[in-house]
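Okay, here's what each chain looks like letter by letter:
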Amino acid sequence: MAPEKSFSYTVGYALLPEKVSSVVQPSLVAAAAERGMRLVAVDVSRPLAEQGPFDLLVHKMYDRGWRAQLEDFTARHPSVPVVDSPAAIDRLLDRATMLDAVSGLPVPVSVPTQVVVTDAAALANNPDDGLRFPLIAKPLAVDGSAESHDMRLVYRRDGLRGLRAPVVLQEFVNHGGVLFKVYVVGDHATCVRRSSLPDVPSHRLLDTYGGDASVPFANISNQPLPDDGDADADMPDAGFVDEVARGLRRGLGLHLLNFDMIRERSEEHGDRYFVIDINYFPGYAKMPGYETALTDFFLEMLAASGRPVHGHGGQLGGSGLDIEARKLEAGPGIGLTEVESGRAQA
Ligand SMILES: Nc1ncnc2c1ncn2[C@@H]1O[C@H](COP(=O)(O)OP(=O)(O)OP(=O)(O)O)[C@@H](O)[C@H]1O
Ligand SMILES: O=P(O)(O)O[C@H]1[C@H](O)[C@@H](O)[C@H](OP(=O)(O)O)[C@@H](OP(=O)(O)O)[C@H]1O
Ligand SMILES: [Mg+2]
Ligand SMILES: [Mg+2]
C-alpha cells in the first residue's frame, strides 16, 4: 500500500462551484500536494470558525455574509494570510472604479475615454456631451452574473435609447480584432492572445447608415485566437507587459487578477495600448502553466506569513514585498497585515 501523503499546509478556497470546477483541476491538486499543500474547499454556508485549520485562504465570493465571516476569521487568526482584501477586490466589481489604477502606471498605457451613465434616455437626446461613437455599453456592476457581461456596441446616438442603466459608456478603440489577456499571479504575469471585436469601418459611423444603431454581444474574448504563425511577433514586449502587471498589482493591492489590453496601431500615433477590463480571480485554468504559478504563489504567501516553507528559506519572492506595498496602498485590509510564525488555529 502506498504511504499516506503528509501535508504541511492547508490552503482553503472559497469559490463558486463553476470556478471550482474550472480552476481546481486534478492537476492543480496534484501540484499542490507535491509541494506539501492540501487544497480544501470552504463551505461558505457554515461558519468559517468551525472549519480548518487553514494556513492560507483564497476567495472569490460576492455576498456580504462572506465578508463578515472573513473579518471575524482575521480578527481571530491574524497570522493566516487571506488573499485578497475584500475592500481591494470591491474596486474591480464596479466598472466606474475598476480602471482607476491605470492612470498611475509609469508606462505608456491608458484607458479609453469613458463615462458612467444613470439615465441613458437623457443622453440619447443630448448631442453635446462630447462622446465619440462608437461606444461600448458595459453594465456598471460586475457581480458574477451572466448579465454583467452583456455588452452593446453602440454605433450612433440613437443606439443609446433603451440601454439599461446604470451603464459605463466606453469609447470603442479599433485594435485589429486581437486582445491581449494578461494573467497575474503574484509577481508572475502571462500574456495570451484572444480574438476580439473586429474593427469598425468608418462608413459604419455615419448617422445616415441604415444598419442597426447598436448590437448586443457577450463573452466575445473567451476563446484563444488560432495561432496564425505570427503570434510571437505580434505580442507586446514582455518587459512592458510585466511593468503594467506589476503596476496594477501594486496600485490595486491585489495578487490574483487578469487584465484585458488592446493595441491601436496608426500611422499618426504608432502603437497605443489601452487597458479595458480587469477581473479578480479569473479563469486561471486557461493560463498555460497555471498549476505551477498558483502553487508557487501559495508557497510565497505561506513563507511571507512566517511559516517555514521548504525551498523558500527566508527568501521571499516579489509577493513578499507586495505585502508591504499593500499595507500602504489598500490600508489595513484582511490578513497579510500581521506576520507571526507557527501554526494558526491549533
Ligand atoms: N473600449 C473598447 N474598445 C474595443 N473593444 C472593446 C472595448 N471594451 C471592450 N471591448 C471588447 O469587448 C469585450 C468585452 O468587454 P470587457 O472585457 O470589458 O467585458 P467583460 O464581460 O468584463 O469581459 P471578461 O469576460 O474578460 O470579464 C472585450 O474583450 C473586447 O473584445
Ligand atoms: O464569473 P465572473 O465573476 O463573471 O468573472 C469572470 C471574469 O470576468 C472573466 O474574465 C473570466 O474569464 P477569463 O479568464 O477568460 O478572463 C471568468 O473565468 P471562468 O472562465 O473561470 O468563468 C470569470 O472569472
Ligand atoms: Mg474582458
Ligand atoms: Mg471583465
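Criteria and thresholds
Residues numbered from 1 in each chain as written. Chains lettered and ligands numbered in written order. Predicted model: local features only at pLDDT ≥ 70, side-chain atom pairs only at ≥ 80, totals over all residues. Near = placed C-beta within 6 Å. Helix = DSSP H or I, 4+ residues; strand = E, 2+ residues; numbered from the N terminus. Nonpolar A, V, L, I, M, F, W, Y, C, P; charged D, E, K, R; others polar. Pairing = 2+ DSSP bridges. Domains from an automatic or database assignment. Contact = placed C-beta atoms within 7 Å. Axes fitted to C-alpha atoms, helices over the stretch in contact; angles between N-to-C directions. Buried ≥ 20, exposed ≤ 12 C-beta atoms within 10 Å, placed from the backbone. UniProt positions renumbered as here; feature names shortened; annotations may be inferred. pLDDT = per-residue confidence, 0-100. Expected span 1.5 Å × (residues − 1). Arc of directions from axis to C-beta. Core = buried A, V, L, I, M, F, W, Y, C linked by C-beta atoms within 7 Å.

1. Let's talk about the site of ligand 1
Inference 1: Around ligand 1, the structure places 21 residues, and the nearest of them are His149, Ser196, Ser221, Ile276 and Asp277.
Inference 2: Of all the elements in the fold, those that place two or more residues in the shell around ligand 1 are strand S7 (135-139), strand S9 (167-171), strand S13 (256-266) and strand S14 (270-280).
Inference 3: The biggest single contributor to the shell around ligand 1 is S14, with three residues.
Inference 4: Taken together, the residues of the shell around ligand 1 sort by class into ten nonpolar, seven polar and four charged.

2. Some points on the site of ligand 2
Inference 1: Close contacts around ligand 2 come from Lys19, Ser22, Gly144, Ser148, Lys181, Asn222, Asn258, Asn279, Pro282, Gly283 and Lys286, and that covers them all.
Inference 2: Taken together, the residues of the shell around ligand 2 break down into one nonpolar, seven polar and three charged.

3. Comments concerning the sheet that holds strand S5 (residues 109-110)
Inference 1: Taking strand neighbours across the sheet as the criterion, the five strands line up as S5-S14-S13-S10-S11 in an open arrangement whose pairing is mixed. At either margin of the open sheet sits one strand with a lone partner, and together these are S5 and strand S11 (188-195).

4. With respect to the domain arrangement of the protein chain
Inference 1: Each assigned domain of the protein chain is listed here: domain 1 (9-84 + 300-305) and domain 2 (91-280).
Inference 2: Relative to domain 2, the C-alpha centre of domain 1 lies at a distance of 31 Å.
Inference 3: Taken together, the six residues of domain 1 in the interface contact seven residues of domain 2.

5. Quick look at the sheet that holds strand S1 (residues 9-15)
Inference 1: The parallel open sheet is built from four strands, whose spatial order is S2-S1-S3-S4. The sheet is open, and its two edges are formed by strand S2 (37-41) and strand S4 (82-83), each paired on a single side.
Inference 2: The sheet contacts of helix H8 (residues 290-304) involve S1, S2, strand S3 (56-60) and S4, and relative to S3 the element is tilted by about 125°.

6. Let's talk about the pairing of S7
Inference 1: Of all the five residues making up S7, five are buried; the element is thus mostly covered by neighbouring parts of the structure.
Inference 2: The alternating pattern of S7 places Leu135, Ala137 and Pro139 and Ile136 and Lys138 on opposite faces, both of which are buried.
Inference 3: Pairing of S7 with strand S8 (residues 150-154) involves three bridges; the strand directions are antiparallel. Within the sheet, the bridge partner assigned to Ala137 lies in S8 and is Arg152.
Inference 4: Bridge count between S7 and S9: five bridges; the pairing is antiparallel. Within S9, the residue paired with Ala137 across the bridge is Leu169.

7. A few points about the UniProt feature "binding site: Mg(2+) 1" (unreviewed entry) in the protein chain
Inference 1: Sites flagged by UniProt as "binding site: Mg(2+) 1" (unreviewed entry) map to Asp260 and Asp277. The greatest C-alpha distance among the residues just named is 5.2 Å, despite their covering 18 residues of sequence, which places them together in space.
Inference 2: Relative to the helices and strands, Asp260 is located in strand S13.
Inference 3: Judged by the 18 C-beta atoms lying within 10 Å of it, Asp260 falls in the partly exposed class.

8. Focus on the confidence of the model for the protein chain
Inference 1: Residue-level pLDDT values for the protein chain average 87, and 86% of them are 70 or greater.
Inference 2: Counting contacts from residues 313-346, a segment whose pLDDT is below 50, to residues more than four positions away or on other chains yields 69 contacts.
Inference 3: This complex was scored by the predictor with a pTM of 0.90 and an ipTM of 0.97.

9. Considerations on helix H3 (residues 64-76)
Inference 1: Along its 13 residues, H3 runs 19 Å from first to last C-alpha, staying within 8% of the 18 Å computed at 1.5 Å per residue.
Inference 2: Taken residue by residue, H3 has Gln69, Leu70, Phe73 and Thr74 as its buried positions. The arc that holds every buried residue of H3, seen down its axis, measures 130°, which confines them to one face. Away from its buried face by more than 90 degrees, H3 exposes Arg64, Gly65, Ala68, Ala75 and Arg76.
Inference 3: Those residues of H3 hidden inside the fold are in contact with S4 and helix H4 (86-90).

10. Some remarks on the nonpolar core
Inference 1: Formed by 84 residues in total, the largest nonpolar core has its most connected members in Val11, Leu56, Val182 and Phe298.
Inference 2: Per-element tally for this core: the top contributor is H8, with ten residues.
Inference 3: Two domains each put at least three residues into this core: domain 1 (9-84 + 300-305) and domain 2 (91-280).
Inference 4: Ignoring sequence-local partners within four residues, the contact set of Val11 consists of Ala32, Met37, Leu39, Asp55, Leu56, Val58 and Phe298.

11. What to know about the environment of Gly104
Inference 1: Structurally, Gly104 can be placed in the loop between H4 and S5.
Inference 2: Along the backbone, Gly104 and Gly251 are 147 residues apart, and their C-alpha atoms lie at a distance of 7.6 Å.

12. Considering the environment of Pro134
Inference 1: Assignment of secondary structure puts Pro134 in the loop between helix H5 (120-124) and S7.
Inference 2: According to the C-beta neighbour criterion, Pro134 is buried, with 20 such atoms within 10 Å.
Inference 3: Through-space distance from the C-alpha of Pro134 to that of Phe172 is 5.5 Å; in sequence the pair is 38 residues apart.
Inference 4: Not counting chain neighbours up to four residues away, the residues in contact with Pro134 comprise Leu153, Val154, Tyr155, Phe172, Val200 and Leu205.

13. Regarding the pairing of S3
Inference 1: Most of S3 is tucked away, with four of its five residues classed as buried.
Inference 2: Taken together, the five bridges between S1 and S3 define a ladder with parallel strand orientation. Note that in S3 the partner of Val11 across the bridge is Leu56.
Inference 3: Note that S3 and S4 share two bridges and pair parallel. By the bridge assignment, Val58 is partnered in S4 with Val83.

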